[in-house]
Each structure stands twice: as structure tokens, then as C-alpha cells.
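A look at the structure
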Amino acid sequence: MVTRRLASGAVSIFILVTLVFFLAHLTPGGPAYSILGQKSTPNAVAALNARLGLNASLPVQYALWWKHLLQGQLGYSYLLNRPVGALLWSYEVNTLILYAIAISLSTFLAILLGLAQGVWMGRWPAQLIGAFQLLFYATPPFFTAAMLILCFAVWLGWLPAGGIGDPRLAHPGPATYAAHLVLPVVTITLLTVPMLSRYFGAAVHEELEKDYVRTARAKGVGESAILFHHVLRNALRPLVTMLGLSFPYIFTGGVIVESVFDYPGLGWLLWRSALEQDYPVLVAIVLLIGLLTVIGNLLADLVNGLLDPRADYE
Amino acid sequence: MALLLGAAPAAFAETQDCGSIVIPPGLGIGPGADVTSLNPLLTSSLYNQEAAGLIFTPLLWINRFHQIDYERSIASAVTTPDNGKTYDVTLRPWKWSDGTAVTSADVLYAYQLIKALGQSYAAYGQGGIPDIIASISAPDAAHVHVALTRPVNPQWFILNGLSQLTPLPQHVWAHYSTNEIWQAQSDPAFFHVGDGPLLPQALNIGIDAVFVPNPLYGGTKMHFSRFVMRFESAEGQELQAVQAGDLDMSNIPFDLYGKALQLPGDYVVTLPPSYSWHELIPNMANKATGFFADVRVRQALADAIDQKRIIALAMHGLGIPVYNPVPPYPDTFLSPTARAGQYPVGYDVAKAKTLLAAAGFLPGADGILQKDGQRLAFTLLIPAGQPLRIEIAESIQQDLQQVGIAMKVRQMEFNQILAAMVGQPQAWEAILIGMNLGAYPSGEELFSAGAALNNNGYANPKMDALIKQSTDQPGLGGLFAYQDFASEEQPVIFLPNERYSVLVRKGLHGVQDFLNPLGAWAPEKLYCTPGRAN
């Protein structure tokens, strides 16, 4: 099963990367114009394209890209003047920290809210949770982020407005980094919890209606034992699937959240490289997203298989 | 809240160490972008040039009045014994940060590197560099002799050409190939030897560039221990960052100017106008807009546009009208007629209508002027996501409608606009962008027929002759004649330039002197007084 899934994933990634490579290169403009700006002259653009290797035909550039990839090289960023591999890694670390914290917190809160919603479905606590889910599910991420900045950074002055560390300090400690993570983490959590908890709450409610729960109750098993020993395990499956789908985000970040908070993660880098047509960076991030999507789905299926041995993911 | 229009007098006796100073790139110039290169030869980005200017002291420091400030230059004198063909530069004693002397070999090395880079050199062709130099030699460690291929206007060559030869540490860089230097342009370790006020400590692309004072800097000592250029992705975010204490200064977007004036604690410094203009570039090379080739149509556009309204509405009153290719501030290079405020164009709707009628345009059924079945209509491309340009375009749109010209506005990514402008004359009709000028505002790259940055097909032999006169003959007569003729010709439709305002945190001073409209910063001018907000 795993081999077959990996093989089909590899084909998907190949198609994805090929499409992005050609579409990015066929978009009007080009990195030379981004670099030269208003000093773009036909001669300067031609000279820069030659230096960047963009004067070769597109199929040749494409073949070279694969050749370099197979040699373990992701290329060199045209605009940021750094090797793409090193660049990706430095941004990846930031994204990984941000999203690992945010997704862990979101999962914990989603389980709590989902359980409450499932248990009290149709009653006022579940309705209140539903209203919260609807409110934040419908609120655009940039608005939530901007409001948090306004309240906690500008008005109250409790937290920094953005960035990753205090630029005034030569050696900012962990506390500074933590302070800069609070608002982005809260934003991502507020965006993620409604989605996860809604799925999980529905799953909990569905499980509670099933025969095995009725049987357990008839046998005198306590409500908390039913909930935590039986229902939780079965209801976790859709949540795991959702988490599997969000796995790539842990690594690639959210373009909007990272941009609003000026947080230097992969999402920010993706947005920028797309805008300025920094092809090597753009294609490398797309490759990473593709890989992580395949891995995330596979992991989700494997975990679901462990949670429910009856599941067949052929 | 204090609104300062002049440099605040300093009470240096009460100053204190500022600690870290954090500012955004592009301060006082426009929306910021991050620093991606520290090499002054490899990038035309203003933001990178600001950073590189902190590491390397220029051969000639040009002040805001476009005069050489020898106090801040490596050169102590420049002479031209034959008034234009050869130049002798004397260097003053100066040291690199590793203690090695800055010598004429470092100037020669910079020139050789520019030659080796060829078209990859960011300012290739500006001031004739490098092709106009026939030979360059070093009679001794403190003198450089430059011979040109032909005699030129010394003022033009010194300000636009010679000033590019910023000494580079030959004893360090000569160990590397051009390609290695290219690849190291964002590596702060490569730039560990400099002769400017600051040295790079870290460059976190997308986040910040960190500098520390150069301990062997020969000029005035700094009043801070760290200097950080911190990138914010939007002007509004810069303002928030100042309020939150993350930045010490920020540009104030025009649409937030009123709000910034009311902020408690911080204060606003309004700067002199930048040496630039906005321009509407009419494409004469596109058959669909061939009507722009008629000078009367271009003059009518200039007459129809109410620049004062643009300044009032889009720039919150902080701008000055521009009618020719020499911005009014400073008035160093203004022709006598321009200095007197006499321009052949200006806001005059009746005159615009008369000019268009004389050019044969009559109102069509829809009220839009037309001639031989062709409507006087075009699409204006503007860079996406720039509120100021959007407001300028909307104001122009209304003005042109009054005289019977239909203009659509379309936003596009800036690099896509440039690609169309440079290589696809049939893909665009008109473009609204800004133009920054060098220290000597000659037009050989802009309006000469076939010039590198002349992308709209404008060609006029008289203009070519006047531009050549301005660059080749000593004195300002040629420059005056060129600017007056350009004012008549409107090869592009000149539009106002803005005066930026900067929000400054309490206790930080010297902002006016720190910022130079030509882009170079003087960090030693910044100082703090007790009460500085940290």
C-alpha cells in the first residue's frame, strides 16, 4: 500500500512541479526586471538573464533544473542572492516552530471544544461553540491578524506587532522570540480551531448515537469511560485526516498570516518569490508542498489504520 | 506632538547613547523593501544602496544641494586642468576597518570591477561610466588620474560619472573572481572590511540588516551601538511598528498623515521633496496611441492635469508641481525661466481644449474626442498595490475626461510593467511610474533618441542636440536649454513629486541631517536626548 501511494504521489509531484515551472516562466515579466527595476534596459536585462542562465530555452532550463535537483542542488535565488537550499532551511525553521505550536494548541482546543459540542449537541453550550466556530471560520485571516495587532501591540502595547525578534537587542533571548510568536500563534489557532473542532464535534456526536455506545451504557459503563475510551478513539479519525491535510502547512506556512506579521517563514517566502518571479525558490517551495502533501496524507492514513484496524486504504 | 519643518537645533550637552536605532529601508523616500545585497556595484535597488552606503565611503559625497561635501568624501579635491578631458583626484588619508590605508589602488580596482561586470554593472552607462574613460592611473597612493575619450561638461562627469568610483578594498576583494563576488553579495562576512561609518554584522533577508559602528571610521563617531534596517512589508505596518516601539522612525503614508499628526509621544518631521518626479509615459511607438506623437496632444495632457489638486488630494498637500525634467527642489540646476515659475504648460483646461482642436480632434457621439475615426482614448498601467499612484491616476482620469480624453486605469505587477515597457511597445499605451534622478539632472538616458531608458519612442533631433550640449559643454547653459525645451515637448507628462514625512520616536534627533534626498544616509547625525523612548 505504502509503495503504491508513494509511487502515485511521485507522479503527482512531477506533474505539479512541471506545471509550476512552465507557468512561472511563461508569466510576463521576469526576475531580471525585479532586480534591475527602473534601470531595466534591453542590454542590462539580456546581460543579467545570461548570468542567471535564463537565456537558454525553457526545455533546456527545465532539464537543467532536474539535473541539478538529482545532484542535490535546488539552485540559487535570483533575488535574495542565497543558495535555495540554505534559504529554505532558514525560513523552514521559523515556520516549523510557529506552526508546530499553533497546530498542537489548535488540536488540543479542537478536541476539548469538539467533545463538548458532541456531548451537548442541540443544547446551549454546543450552540455557543457553534457560534464561535462560525464567527472565526467566516472572518478573513488578515482581519483577525490586524485586529490582534491593533489591540495587543498598538493599543495595549503588551506584545510586539510583528517580526521574529527584538531588533534592539544584540542577543534576543527565548522570551523575546516567544513574545513575537504569541500573536501569530493565536491568529492561526483562531483560524484552525473552528474547522477542526466542527469536524471533531460532528464525529463525536455521530459516535455517541451508535449502537456500541448504547450497549456500553446498557452494560453500565460510565459516561466518561465511554467518552474517553471508546468515542474519542473512533471520533479522532476525521480529525487525523484533517491534520494530515494540514501537515504541509506546518512546513510551508500561511502566506497571509506570515505576511501580516512580517514573520519570515516559508509562506512569506512563497508569496514573495511568486510576486518577483524568483523561479528557483518558487519551484523548490512547490516541490516541498507537494512532497509534504503526499507524506501528510500517507501519515494520516497510517495513523487512521492504527486507530481503526478495520480501515482499508487500498 | 511637534511638527518640525527644519533641522532641530541640537543640545549635544544633553545627549545620551542611543543604544540600538531601528529604521526601515527607504526612509524618507518611499515604501520600503528589504536589503538583499551589500555590494554597491551589483544592485540598482535604492534599499541596497542605502545599506552599501553605510559600509563604503564614496569617493565624492553629494549633498542635498548637489554639491560635493569633501568633509564626507574620500576625495579631498578634484580638478580638471583642461576643463573637461582629464581629471585629477586627490585622496585624503583614510583607513579601511582593518587598518589598511585607502589608496588610489582601491579606486582603480573599483573601476576595473565595473569594467569586468560590463552590462551587469547596475549603473552601467550613467555619467558615461565605464566606456567614457580612456585610461585611469595612479601616479601615487594619494592621486588618481582619469583621462576621458572626449572632453565633456566637468560638472556632469564629476557628479554622475566620477562619483560612481567608490573605493573598494582591493587588498581583500582581489582574491576573488567576479563570479565569487557576485555570489557573496548578501554575505555580511564578505564585507567585513569597509571604510564607511558602519560595518555589517548580520543580514537576515526579509527581516533586517544589522550594522555596528566601524571602530576605525575617520569621520564623526556614532551616537549609537547598533543600527538596524528592519523591513516591514507595508507602510501602514511601519507606522504601527513605531507605535509599538519596534521601529524608531517610519514613513507616513499620505492617507495616514492626519492620523500620524495626532499620535501622542512621537513627532513628525517633514522632509524636503525627493529629487524625482512621477510621470505619465505616453507610448508613441504603439500604433494604437500614435496620437501621442503630436506634441500638441502631449501639451494638452499636461495642461489638462491639475497638479495642485493631485498634491492636495493624493499627497495631503505635501508635494510640489513638476513641469520639466529638473525638479524644483533644490533649485541648483533650475533654468532662469523655471526659477521664475514660467513654464509653457500648466493647468489650463481651455488651452488644453484649444490644443486638441488645433490637432484636429473633435468630440464624438460619446463626448470623447476623435480624429479620423480614432478615439482619443488609452489605458494607463500603474504598479499594483500602490495607493498613492492609484489616487494620482484617478485624479488624472477625471481631469482628462473634462477635455474629452478617455483613460482607463489598470493595475499590474511592477516587473510586468517594466517587461512590457522595455521590450513590447505594442503591449502598452501609457504607464504611470516615478523617476529618480542622479545628482546632475541631464537627460541623455531618458530622452535622447534610442536612449537606454527612452522606451516610449520619443525622438527629436533638437532634444538630442540640447542634451548633448548639456553633457558635453562646460557650464549650465546646455542644461537650462534642455530643460526648457523638455518643458515644451513633454516627452513624458511630468507630474508632481512628493515630500515625505517621517514619524520619529520621542528623544531621537538629527533626522533632517541624517536623510539625504539623493539617498545616502549620514548616520553620525543621529543622536538621542534623555527621555528617549525605548
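Note: the structure precedes this text.
Before going into details, it helps to say that this report is about the structure given with it. These numbers come from a predicted model, not from an experiment.

It is worth spelling out the overall build of chain B at this point. Along its length, chain B carries 16 helices and 24 strands. Taking 24 Å as the expected radius of gyration for a compact globule of 534 residues, we find that chain B reaches 24 Å, a close match to that expectation. Viewed in the frame of its principal axes, chain B has a C-alpha envelope of about 75 × 60 × 40 Å. When the 534 residues of chain B are sorted by exposure, 54% land in the buried category. Counting only contacts in chain B whose residues sit at least 6 apart along the sequence, the fraction spanning at least 24 positions is 70%.

Right, let's talk about the overall build of chain A for a bit. Scanning chain A for helices and strands turns up 13 helices and zero strands. Shown N-terminal to C-terminal, the secondary structure of chain A runs as helices and strands in the order α-α-α-α-α-α-α-α-α-α-α-α-α. Dimensions of chain A, computed from C-alpha atoms along their principal axes, come out at roughly 85 × 55 × 35 Å. Put simply, chain A has 314 residues, and 40% of those count as buried. Intrachain contacts of chain A at a sequence separation of at least 6 include 72% that bridge at least 24 residues.

Attention now goes to the sheet that holds strand β5 (residues 133-140) of chain B. Residues and elements named next belong to chain B. A sheet is described by the order of its strands in space; here four strands give the open sequence β3-β4-β6-β5, paired in antiparallel fashion. Every interior strand has two partners, whereas the edge strands, β3 (75-79) and β5, have only one. Pairs of neighbouring strands in the sheet enclose a mean axial angle of 20°, with direction left out of account. Sheet analysis places β5 next to strand β6 (residues 143-148), joined by five bridges and oriented antiparallel.

Quick look at the sheet that holds strand β7 (residues 198-204) of chain B now. All names here are of chain B. Overall, mixed pairing links the four strands, which are arranged β2-β9-β8-β7 in an open sheet. Across the chains shown, the open sheet's two edge strands, defined by having one partner strand only, are β2 (20-23) and β7. Ignoring strand direction, the axes of neighbouring strands in this sheet form an average angle of 20°. As paired elements, β7 and strand β8 (residues 208-213) share six bridges and run antiparallel to each other. Residue pairing for β8: L203 is matched across the bridge by A209. Seen against the sheet, helix α1 (residues 46-55) touches β7, β8 and β9 (226-230) and runs at an angle of roughly 140° to β7.

Take the interface of chain B and chain A next. Listed per partner, the contact involves 39 residues of chain B and 40 residues of chain A. Secondary structure elements with two or more residues in the side of chain B that touches chain A: β2, β9, α6 (235-243) and α13 (414-423) of chain B. It is α13(B) that provides the largest number of residues to the side of chain B that touches chain A, a total of seven residues.

Residues A:V283, A:I285, B:L162, B:M249, B:L280, B:L380 and B:V502 are the most contacted members of the largest nonpolar core, which totals 237 residues. Setting aside anything within four residues of it in sequence, one finds B:M249 in contact with B:I23, B:L27, B:V242, B:V502, B:L503, B:V504 and B:V511.

This part is about the environment of A:D166. Residues and elements named next belong to chain A. Summarising the element assignment, D166 is placed in the loop between α7 (141-155) and α8 (174-208). Classification of D166 by C-beta neighbours within 10 Å gives buried; the count is 20. The spacing of D166 and T176 is ten residues in sequence and 6.3 Å in space, taken between C-alpha atoms. The contacts of D166, once residues within four sequence positions are left out, are P172 and T176.

What counts and what doesn't
Residues numbered from 1 in each chain as written. Chains lettered and ligands numbered in written order. Predicted model: local features only at pLDDT ≥ 70, side-chain atom pairs only at ≥ 80, totals over all residues. Helix = DSSP H or I, 4+ residues; strand = E, 2+ residues; numbered from the N terminus. Rg over C-alpha atoms; globule rule 2.2 N^0.38 Å. Buried ≥ 20, exposed ≤ 12 C-beta atoms within 10 Å, placed from the backbone. Contact = placed C-beta atoms within 7 Å. Pairing = 2+ DSSP bridges. Axes fitted to C-alpha atoms, helices over the stretch in contact; angles between N-to-C directions. Core = buried A, V, L, I, M, F, W, Y, C linked by C-beta atoms within 7 Å.

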